[in-house]
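If you want the building blocks of each chain, they are given just below.
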Amino acid sequence: MTTETRSVHSVRLEPGAATLLRNEIAKCRHLRIGLVTALLAVGIVGLTLVGTLAGASTDGDLTAALPLAGLSLAVPVASPVILAILASRAVDIEHQGGGWLLGRTTGVAPGRLCRAKLGVLAAAVAVGTGGASVVVALLTRALGATGPVPVSLWLGYTVAAIVVSLVVLAVQVLISARIDNQLIPLGVGIVGTVVAIAASAFPSWAAHLTPWGYWSLIAAADYAGESVVTLQPSYVSVVALALLATAGVVVATRRLDRQEV
Amino acid sequence: MLSAEVLKLKRSQVWAVVVVLPLVMSALGVVNTAASGTGLAEGWDTLWLRTAVFFGLFPLALGVAVLASLVWRPEHRGGNWTALMSGPVSSARIVVAKTAVVAGLGIAMLAVQLAAVWVLGAAFFGLDGALPPRYLVVAAVTAAAVIPLAALQSLLSMVMRSFAAPIGVALVGAGLAVVLMTAKVHAAIAVLPYALATRAGQLASGAFGDSGALTAGSVAAVLVATVVLGGVVTAIAVRVLDRRDVVTA
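Residues numbered from 1 in each chain as written. Chains lettered and ligands numbered in written order. Predicted model: local features only at pLDDT ≥ 70, side-chain atom pairs only at ≥ 80, totals over all residues. Heavy atoms only, no water.

Moving on to the overall build of chain A. In terms of regular secondary structure, chain A is built from 10 helices and two strands. Principal-axis analysis of the C-alpha atoms places the extent of chain A at approximately 95 × 45 × 30 Å. Of all 261 residues assigned to chain A, the portion counted as buried reaches 48%. Across chain A, every contact between residues at least 6 apart in sequence was considered, and the portion connecting residues at least 24 apart equals 78%. A total of about 12700 Å² of accessible surface is found on chain A, and carbon and sulfur atoms cover 66% of it. (Helix = DSSP H or I, 4+ residues; strand = E, 2+ residues; numbered from the N terminus. Buried < 20%, exposed > 50% of the residue type's maximum accessible area, 1.4 Å probe, protein only. Contact = heavy atoms within 4.5 Å. Areas by Shrake-Rupley, 256 points an atom, 1.4 Å probe, with all protein chains shown as cover.)

Shown next, in the form of structure tokens:
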């Protein structure tokens, strides 16, 4: 008779990164995050078209820079409140349903949960903002814009706009997680819209002070009197913002990890 | 009922919406004036366009939406919804009390906005004379037009547990209203509370398809739409609440 020995393995209780992301994707589907992201894309495209048609000359002449100017204005107008809504919807369910405590008891600290939420929302925002830019570019071609479409500038603007949007999204997720009363993050989103709109009138140093101001620093085209001219986005500023924001998210979520729920 | 609703708003930071939002939007009007380089070419008219009319475009709808979410938030927490459903208070009284509080706060927000415009014009920009009386009439009509908007946002915040979702609906509604008003589809005020509030704020402005004159006809159209829409939306909200039940989780 042989004696069977059964080895005892340590059991990992907390869910892995893939499971955590799958959970968050499921929550986002339930919260109709896809619909809100579509709203972001439709808002950007709609505002760009309104701005473009309003700015087109009466003889129907449409330069390729005009939709780019419209896009540079539409993104900061449409994004702040919708990013605040996305973040608030994703985080508020944890406040309402005792999700922070549930996560903690299953080995998922609040900061880790926030990073997972940010990851899923970031993918949605990147698709929404990038998709809107692509649609505007295609419409520009379809409408028969005169002059060459500045592809590299358009691409550079789109990437920079996505980066700024993700930084603003990160700020909104952290505020929504830190403050139970969702009035504050939504209020920040509304005031962010004001800052984003007004930042084009700010001096450069002032536009650098808040994440919402960076949309004005990356504007790829704008009006110079009656005509529209292309501009050079401040890519260096956006890279610096991205690095600062990444460090900020790491520090803030680690603090959340140590926070009692 | 009303005092109970007001009591629930203690420490909800509702003042941040009622006071800060209109002040921030008025400050934006100052920034826009400074950026334009032309100053206030048409005096009070230009200032009104850059502050009050702009406020009616989307900040007003968003502000009222946030207020409605704040007013309904306590009912969606813990077991309060069950308490609401099992209490002896009729649905009509609940809906009317909530709508009255949201509308009252919305009107207070407009009053702060009006005061900010007045102070900016008289003290900051040194404009001649007082705010033209027609703008006081427009402010009063806009205050009335806020009531159906408050009723609709109250209904949305009642059926949606999420704080942010009704605000998203308001954003879409305000955007749609701006497009409709720009396209001079003024008849939309009869069916869309967002369009009604936006149109009221644009009266006598000469912008967004407005003639620039304050006529009895345009004021009457807004007021009639206010009464009809307010009644219809409130009746719908009462019926919806009548059919709601307790919820778990």
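With that out of the way, let us pick up the confidence of the model for chain B. Residue and element names in this part refer to chain B. Predicted confidence across chain B gives a mean pLDDT of 90, with 99% of residues reaching 70 or more. Predicted confidence in chain B is weakest over helix α1 (residues 2-8), with a mean pLDDT of 78, and strongest over helix α7 (residues 133-159), with 96. Across the interfaces of the predicted complex, the ipTM metric reaches 0.75, alongside a pTM of 0.83. (pLDDT = per-residue confidence, 0-100.)

It is worth spelling out the interface of chain B and chain A at this point. Opposite the 27 residues of chain B that make contact, chain A presents 23 residues. In total, about 2000 Å² of surface goes out of reach between chain B and chain A, with carbon and sulfur atoms giving 75% of it. In this structure, the connection of chain B to chain A is made through three salt bridges. The closest approach of N and O atoms between A:Asp180 and B:Arg77, which form a salt bridge, is 3.4 Å. Along the contact surface separating chain B from chain A lie four residue pairs in polar contact (both at pLDDT 80 or more). When contributions to the side of chain B that touches chain A are tallied by element, the ones reaching two or more residues are α2 (15-36), α4 (59-72) and α8 (165-182) of chain B. The dominant element in the side of chain B that touches chain A, judged by the number of residues it contributes, is α2(B), at seven residues. Its residues placed into classes, the side of chain B that touches chain A shows 19 nonpolar, five polar and three charged. (Buried area = accessible area lost by both parts, 1.4 Å probe. Salt bridge = Lys/Arg side-chain N within 4 Å of Asp/Glu carboxyl O. Polar contact = N/O pair within 3.5 Å; in protein donor to acceptor, adjacent residues only side chain to side chain. Nonpolar A, V, L, I, M, F, W, Y, C, P; charged D, E, K, R; others polar.)

Take the pattern of salt bridges next. Side-chain pairs of opposite charge can arise whenever the charged atoms involved come near each other. Residues and elements named next belong to chain A. Evaluation of the coordinates by the stated rule reveals 11 salt bridges over all chains. Of the charged contacts in the structure, one is a salt bridge between Glu-94 and Lys-117, with a shortest N-O distance of 2.7 Å. Note that Glu-94 is positioned in helix α3 (residues 65-97) and Lys-117 in helix α5 (residues 110-142), a separation of 23 residues in sequence. Residue Arg-115 pairs with Asp-257 through a salt bridge whose shortest N-O separation is 3.4 Å. Of this pair, Arg-115 sits in helix α5 while Asp-257 sits in helix α10 (residues 235-257), placing them 142 residues apart in sequence. The exposure class of Arg-115 is partly exposed, given its relative accessible area of 35%. A single salt-bridge network, built from bridges that share partners, covers Glu-24, Lys-27, Glu-94 and Lys-117.

Attention now moves to helix α6 (residues 91-124) of chain B. Its 34 residues give α6(B) an end-to-end C-alpha distance of 48 Å, which sits within 8% of 50 Å, the value for a rise of 1.5 Å per residue. Downstream of α6(B) by a residue or two, B:Gly126 has a phi angle that is positive, lying close to 65°. (Expected span 1.5 Å × (residues − 1).)

Moving on to the packing of aromatic side chains. All names here are of chain B. Under the criterion given, the structure shown has four aromatic pairs over all chains. Taken together, a centroid distance of 5.9 Å and an interplanar angle of 90° make the contact between Phe-54 and Phe-58 edge-to-face. The class of Phe-54 is buried, set by a relative accessible area of 18%. With a relative accessible area of 15%, Phe-58 lands in the buried category. Centroid distance Phe-124 to Phe-125: 5.0 Å. Interplanar angle 85°. Geometry classified as edge-to-face. By relative accessible area, Phe-124 is classed as exposed at 54%. The ring of Trp-72 carries Lys-98 above its face, with NZ or CZ at 4.8 Å from the centroid. One residue, Arg-134, lies across the ring of Tyr-135, its end atom 4.7 Å from the ring centre. (Phe/Tyr/Trp six-rings, centres within 6.5 Å; stacked < 30°, edge-to-face > 60°. Lys NZ or Arg CZ within 6 Å of the ring centre and 35° of its normal.)

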